[in-house]
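Examining the three-dimensional arrangement
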Amino acid sequence: MKNNKQLTPAQIKDLSIEWAIYSKSQQEPILQEFRDTCNEKCSHDDFLEFLRTKLQMDGYWKKIGIV
């Protein structure tokens with residue numbers, strides 16, 4: 001589940017803010033999808049990469065200049 005591109009501190013902060021906007025009822029299906037696609041060795045970084053893709057952050061980050 002690794003991505004070759006490591007997230008920058010600005011991307012991690014922005015992703016955390018975006019994730020916090022979601023309610024618990026919105027977060028739970030996303031968390032379950034991550035659990036279903038991840039093996040037991042998945043890390044916090046793997047979760048961040050999953051969210052990056054799931055929330056389609058790359059286009060937004062390009063637009064605001066944090067890629």
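Further up the page is the structure itself.
Quick look at the structure, then. Please read all numbers here as calculations on a predicted model, not as lab measurements.

1. Digging into the packing of aromatic side chains
Going through the model one piece at a time under the given rule, you end up with 4 aromatic pairs. Measuring from centroid to centroid gives 5.1 Å for phenylalanine 34 and phenylalanine 47, while their planes differ by 70 degrees, and the two rings are edge-to-face. Taken together, the residues span a long stretch of sequence, with phenylalanine 34 in helix H2 (residues 24-37) and phenylalanine 47 in helix H3 (residues 44-54) at a distance of 13 residues. Exposure class is identical for phenylalanine 34 and phenylalanine 47. Each is buried. With a relative accessible area of 11%, phenylalanine 34 lands in the buried category. By the ring-pair criterion, three or more aromatic residues cluster together here, those being Trp19, Tyr22, Phe34, Phe47 and Phe50.

2. Description of the state of the cysteines
Under the definition given, this model contains 1 disulfide. Note on cysteine connectivity: cysteine 38 is disulfide-linked to cysteine 42, with sulfurs 1.5 Å apart. Under the relative-accessibility criterion, cysteine 42 is labelled partly exposed at 22%.

3. Quick notes on the nonpolar core
Of all hydrophobic cores here, the largest spans 13 residues; its most connected members are Leu15, Trp19, Ile30, Phe47, Leu51 and Leu55. At the level of secondary structure, the elements contributing two or more residues to this core comprise helix H1 (9-21), H2, H3 and helix H4 (57-64). Here this core takes 4 residues from H3, the largest share from any one element. Those residues in contact with leucine 55 that sit more than four places away from it in its chain are Leu15, Glu18, Trp19, Tyr22 and Ile30.

The rules behind these values
- Residues numbered from 1 in each chain as written.
- Predicted model: local features only at pLDDT ≥ 70, side-chain atom pairs only at ≥ 80, totals over all residues.
- Heavy atoms only, no water.
- Phe/Tyr/Trp six-rings, centres within 6.5 Å; stacked < 30°, edge-to-face > 60°.
- Helix = DSSP H or I, 4+ residues; strand = E, 2+ residues; numbered from the N terminus.
- Buried < 20%, exposed > 50% of the residue type's maximum accessible area, 1.4 Å probe, protein only.
- Disulfide = S-S within 2.5 Å.
- Core = buried A, V, L, I, M, F, W, Y, C linked by side-chain atoms within 4.5 Å.
- Contact = heavy atoms within 4.5 Å.

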